[in-house]
Structures are given as C-alpha cells and as structure tokens.
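Spelled out from the first residue to the last, the chains are:
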Amino acid sequence: MEFLTWVFPALVLLCTQQHRCIRLKASHNNYGTVPKRTRLADLKEKEEMQKVIFHILLLSMFVRRAMNDIGDYIGSNIEISWLPNLDDLMKGYARNFRPGIGGPPVNVALAIEVASIDHISEVNMEYTMTVFLHQSWRDDRLSYNHTNETLGLDSRFVDKLWLPDTFIVNAKSAWFHDVTVENKLIRLQPDGVILYSIRITSTVACDMDLSKYPMDEQECMLDLESYGYSSEDIVYHWSENQEEIHGLDKLQLAQFTITNYRFTTEMMNFKSGQFPRLSLHFHLRRNRGVYIIQSYVPSILLVAMSWVSFWISQSAVPARVSLGITTVLTMTTLMVSARSSLPRASAIKALDVYFWICYVFVFAALVEYAFAHFNADYMKKQKNKIKARRQSGEVNVKNAIVLFSLSIAGVNQELAISNRQHRIPRSLPGSYGTIEIETGETKQHHVMKLDKKSGLKSLFKPIDADTIDIYARAVFPAAFAAVNVIYWVAYTM
C-alpha cells in the first residue's frame, strides 16, 4: 500500500512528460522551426504542467495519509476476511422462540449499575432511578468459530434477536433513552453468549412507613421479573460480578443517605405458573439536619417565647394576651405548613407529635395567665368583701351597745314598778330565758355553717398571682425538657 502511494505520482509525472515530448516532435515536423508564438505557448504549458505536478504530489500525500489510517484499522487483531458473516448466522434464526426451546430453561444473568436517583417523594411514595441493566444469556444458534474475538454489534441488530421479556414489577412508568441514538449495547461472543445492556429511567413505587418521620429509615425495592416466561423456560440469577452496585456509593441525595443494600432471589407463585424474581433492596436514612433547622428549632423558640409572659406584670393585660395569642397562631401556621408537604396518612408522625407537644405548652402558657388573672381578680374581690364586712361589723357593734343599754334601762324601770306593786312579773324571766336559749341555738347553727364554708374554701384556696408566675417560671421549662428527653429517646432509639 505504501509502495503504491510513491509509485502513483511518478507514473503520472512520466506520462505527462511523454505527452509533452510527443507534442514538441509533432510541432517540429510540421513547421521545421519553432516560432516565437509557439515558444510562448510552451512556456504557459510548462507552468500549467508544474501546477498539475504540485497538485498531484499534494494529492499523493493525502492518499498516503488516508491509506495509513485504513491500514491501522485493518492491521488490528481482527482480520476483515475472518469476520463472521452475520447473514449466514441469522439464516434460519427464529427470534420468536427462546434458545433451546423444549429443553432446559435459559439462564439469564442480570447486573445493575445505578446512574442516578433523581427524586424520592413521600407524597406519592415513589422514587425515580436511572439504571444500566445488563442481561447475559447463551444462544447456541449464534455461535461462530471464525475468530475468538467478541463482536460489538450495532444497536439496530437487537431487533433481530430473541430477548428476555424482563420488566420492572413495581414500576409506575419507565422509558428508554434515545439521544443521540438508542442507548443499547449488544456484544456477541464466539460461544453464543450475548451481552445486552440498556439504559432505563423508571419511576418506581416504594411503600414507606412514616410513623417516625423525619427520624425514619425506609427500604425501597427494585423488582425484576419475566413477564411471559415461567421458571420452566427462563431462570434469572444475579451475575457473579454483581457483588456491589457500581455508582451507588457515589450518589449524593438531598434528603437521604443510602446505608445498605442487598440482593434477593425468589420464586413467585401465580395462577399461570411460577415466575422467577430478582430484587434489589436498598436502605435509606433520612437526613435530619434540614428538619431540625426548619421545624424543631422554630418550635422550641416559640415555646420559649411563650414563657416570656411569666416575667410580665399581671396588670399588663394587653401585652400578655397578645403574646400568648401570637405564639399560638404562629405555632398553628408552622404545623399547617409542615403537613402540606406530607401525604394524608392515617399514621401519626413523629413531627406531628412534637408539634402538638409544643402547641400544648404554648397554649398552657396562655391558660396560665388566664388562671393567674382570675385568682388575682378573685382575691381582689375577697379583700373588698372583707373590708365591707369589717365596716358593717363595726356598725353592728355600735347598734348592739345602744340596744343593750336601752334594754338595761327598760329592765330597771320594770323592776321598780313591780316592787311598788309587791309582785314579780312571771313573763320576764321566762321571756328573757327563752330569748337566751333561742340565741344560743342560732349561734350554734351559724357556727356549723361557717365551719362547712371554711372547709370548702381551704380546699379551693386561691393562690396569689405572682406566686403562680414564680412557679410557672420553673415548672414549664423543667416539664418541657423532660418531655423532650422522652421524645428523642423514643424516636431515635
């Protein structure tokens, strides 16, 4: 080939010179002498010839470079003459029948490489994953002995072959990639082993237990199964090289961290027969940092803000009421906004429990002020009643003294009259004694009523409002801290 690249320009140059000499001889024979005009024509012809020779040399260099590239390609380990004829291989090939039909089942080895996990949704309970699915099986009908090299074939050749009808069991939707061409790979080995690889993006269902959200850990699966061939025709197994999933350890997810994964093989029983199923289980642990910043810390701050009212004076009614109502409404808004991004599940989530704990403490701070204000108002009324009773008691004592002095004066006058008449009035001692007896019974009955009232008041004795605030300053933080310890231990252990 290199010899031709050098000989071809020389032959062209030799032919050109020979043609020029023949033209010169012919001109001499016709005219005898060479006229001036003929010499000018020869000079022009010479210049044109030089240009032609230059272009021929340039073309020869280009041809030499191209032939060298072709030689490098042809000079590889595979000889073009030894390539198997695919048309001969495909003669009599029936792609509608599996290899070895009527005999033992076809062993299909599967392997998976994860390209990306794009989105994990708790609302729809699904995730989107892009994988490279590799399938390998033996088809003796495509074996050849022309060479020992593995042939990489065009993806369009796949349409002529029998393929396993593998499908994703728990897929909601899936699609193949075809930019810039269909993302398919097909390789054929001399013994008839076929490697078929394809790139798939699928949205897969994943049942999630959100009772510990956002301290939860989920397990999602990718189930692969034959749709039409039972275990009598096809058997799936994980490839021997599938000890780990390539690309999975390099994934960076926004909300989750992949902690572990495992492979399982099982046989599914249906009415139409037994079907082999391969499953990939991977465990996801939710990243809690964003939830601590967006949900837990604001809730704690709102609860602490509600405690500020314990240091505000009881007389500042607008300040304490507005602070309590503001914290309650803000806590309600925070709860609603957090639940909007979650599914309407019947299970009570850990975040809901914490929100309700904070809501109870915020509402309790508002109720505490109402209770303290009620006690302050009640004690104020009681003081006014005691003061009024004292004033009325002083008036009653004065009236009693006046009445007693008048009664003594009346008794003395009656005694003086009776002495004059030399007889003792019978009604006086009796009447006096009767009055005294009635007065004693009345006193005893009144004392019993007072004892009963004092017993009830001792049970529901009002507490000073400032004392309630002092107790609340210590009880509320201590109770909230204890509840937090119980909460975090229960949901993180």
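Reading guide: rules and limits
- Residues numbered from 1 in each chain as written.
- Predicted model: local features only at pLDDT ≥ 70, side-chain atom pairs only at ≥ 80, totals over all residues.
- Heavy atoms only, no water.
- Helix = DSSP H or I, 4+ residues; strand = E, 2+ residues; numbered from the N terminus.
- Buried < 20%, exposed > 50% of the residue type's maximum accessible area, 1.4 Å probe, protein only.
- Pairing = 2+ DSSP bridges.
- Axes fitted to C-alpha atoms, helices over the stretch in contact; angles between N-to-C directions.
- pLDDT = per-residue confidence, 0-100.
- Contact = heavy atoms within 4.5 Å.
- Expected span 1.5 Å × (residues − 1).
- Phe/Tyr/Trp six-rings, centres within 6.5 Å; stacked < 30°, edge-to-face > 60°.
- Lys NZ or Arg CZ within 6 Å of the ring centre and 35° of its normal.
- Disulfide = S-S within 2.5 Å.
- Core = buried A, V, L, I, M, F, W, Y, C linked by side-chain atoms within 4.5 Å.
- Polar contact = N/O pair within 3.5 Å; in protein donor to acceptor, adjacent residues only side chain to side chain.

Caption draft 1: Region of interest: unusual backbone geometry. The step from Val 179 to Thr 180 runs through a cis peptide bond, and the omega angle for that step is -5°. Here Thr 180 is to be found in the loop between strand 5 (171-176) and strand 6 (184-188). At the junction of Tyr 213 and Pro 214, the peptide bond is cis and its omega measures out at 5° in the coordinates. You can see Pro 214 is positioned in the loop between strand 7 (193-205) and strand 8 (217-226). The backbone of Met 125 sits at a positive phi, close to 50°, despite the residue not being glycine. Summarising the element assignment, Met 125 is placed in the loop between strand 1 (106-121) and strand 2 (126-138). Residue Met 125 is classed as partly exposed on the basis of its relative accessible area of 24%.

Caption draft 2: Quick peek at the sheet that holds strand 10 (residues 256-270). Across the sheet, 4 strands lie side by side as 4-8-11-10; this open sheet has antiparallel pairing. Looking at the sheet topology across the chains shown, the edges are occupied by strand 4 (166-168) and strand 10. On average, each strand axis in the sheet is inclined to that of its neighbour by 20°, with strand direction left out of account. Strand direction decides the pairing type here: strand 8 and strand 11 (residues 273-286), joined by 9 bridges, are antiparallel. Looking at the pairing, Leu 224 lines up with Leu 278 of strand 11.

Caption draft 3: Fine view of the confidence of the model for the protein chain. When the pLDDT values of the protein chain are averaged, the result is 78; 68% of them are 70 or greater. Element-level pLDDT for the protein chain is lowest in helix 7 (residues 427-459), with a mean of 47, against a maximum mean of 95 in strand 7. Contacts for the low-pLDDT stretch residues 30-34, under 50 throughout, to residues beyond four places or in other chains number 3 contacts. Within the model, the stretch residues 70-79 combines pLDDT values under 50 with 5 contacts to residues more than four positions away or in other chains.

Caption draft 4: Structural context of helix 5 (residues 317-339). Here helix 5 spans 34 Å end to end across 23 residues, near enough to the 33 Å set by a 1.5 Å rise per residue. Buried residues of helix 5: Arg 320, Leu 323, Gly 324, Thr 327, Val 328, Met 331, Leu 334, Met 335 and Ala 338, and no others.

Caption draft 5: Seen up close, the packing of aromatic side chains. Scanning the entire structure with this criterion turns up 20 aromatic pairs. Between the aromatic rings of Trp 162 and Tyr 229, the centroid separation amounts to 5.8 Å while the plane-to-plane angle is 70°, which identifies the pairing as edge-to-face. Residue Trp 162 is located in the loop between strand 3 (151-153) and strand 4, and its partner Tyr 229 is located in the loop between strand 8 and strand 9 (234-238); the two are separated by 67 residues in the primary sequence. The class of Trp 162 is buried, set by a relative accessible area of 2%. Here Trp 238 and Phe 263 contribute two aromatic rings whose centre-to-centre distance is 4.8 Å and whose plane-to-plane angle is 55°, an arrangement assigned as tilted. Note that Trp 238 is positioned in strand 9 and Phe 263 in strand 10, a separation of 25 residues in sequence. Residue class for Trp 238 comes out buried when judged on its relative accessible area of 13%. What makes Phe 263 partly exposed here is its relative accessible area of 24%. Members of the aromatic cluster, joined through ring pairs, are Tyr 296, Tyr 354, Tyr 487, Trp 488 and Tyr 491. Geometry around Tyr 93 places Arg 141 over its ring, the cationic atom sitting 4.3 Å from the centre.

Caption draft 6: Broad picture of the state of the cysteines. Considering all chains together, one arrives at 1 disulfide under this definition. Covalently, Cys 206 is tied to Cys 220 through a disulfide, its sulfur atoms 2.0 Å apart. With the S-S dihedral at roughly -85°, the linkage between Cys 206 and Cys 220 falls on the left-handed side. With Cys 206 in the loop between strand 7 and strand 8 and Cys 220 in strand 8, the pair connects residues that are 14 residues apart, well separated along the chain.

Caption draft 7: Broad picture of the nonpolar core. In terms of nonpolar packing, the biggest core is built from 77 residues, with Val 114, Ile 117 and Tyr 127 touching the most fellow members. Among the elements that line this core, the one with the most residues is helix 6 (residues 350-420), at 9 residues.

Caption draft 8: Molecular detail of the environment of Phe 176. Its place among the elements puts Phe 176 in strand 5. A relative accessible area of 53% means that Phe 176 is categorised as exposed. Taking the C-alpha atoms as reference, Phe 176 lies 8.9 Å from Ser 202; in sequence the two are 26 residues apart. Apart from residues no more than four positions distant in its own chain, Phe 176 is found in contact with Ile 198, Arg 199 and Ile 200.

Caption draft 9: Here's a closer look at the pairing of strand 7. Along strand 7, 10 of the 13 residues are buried, which leaves the element largely enclosed by surrounding structure. For strand 2 and strand 7, the ladder comprises 13 bridges, and the chain directions are antiparallel. Within strand 7, the residue paired with Tyr 127 across the bridge is Val 204. Pairing geometry for strand 5 and strand 7, over 5 bridges, is antiparallel. Its bridge partner lying in strand 7, Trp 175 is registered against Thr 201. Bridge count for strand 6 against strand 7 is 5 bridges, and the pairing is antiparallel. By the bridge assignment, Lys 184 is partnered in strand 7 with Ile 198. Here strand 6 folds back onto strand 7 in antiparallel fashion, the turn holding 4 residues, of which Gly 192 has a positive phi close to 90°.

Caption draft 10: Main features of the environment of Val 181. By the secondary structure assignment, Val 181 is in the loop between strand 5 and strand 6. Along the backbone, Val 181 and Arg 156 are 25 residues apart, and their C-alpha atoms lie at a distance of 9.9 Å.

Caption draft 11: Looking closely at the environment of Glu 219. Tracing the backbone shows Glu 219 in strand 8. A relative accessible area of 32% places Glu 219 in the partly exposed class. With residues up to four places along the chain from it excluded, the contact list for Glu 219 reads Cys 206, Asp 207, Arg 262, His 281, Phe 282 and His 283. Within the local environment of Glu 219, its side chain forms a polar contact with the side chain of Arg 262, the two groups lying 2.9 Å apart. Within the structure, Glu 219 has its side chain in polar contact with the side chain of His 281 (distance 3.3 Å).

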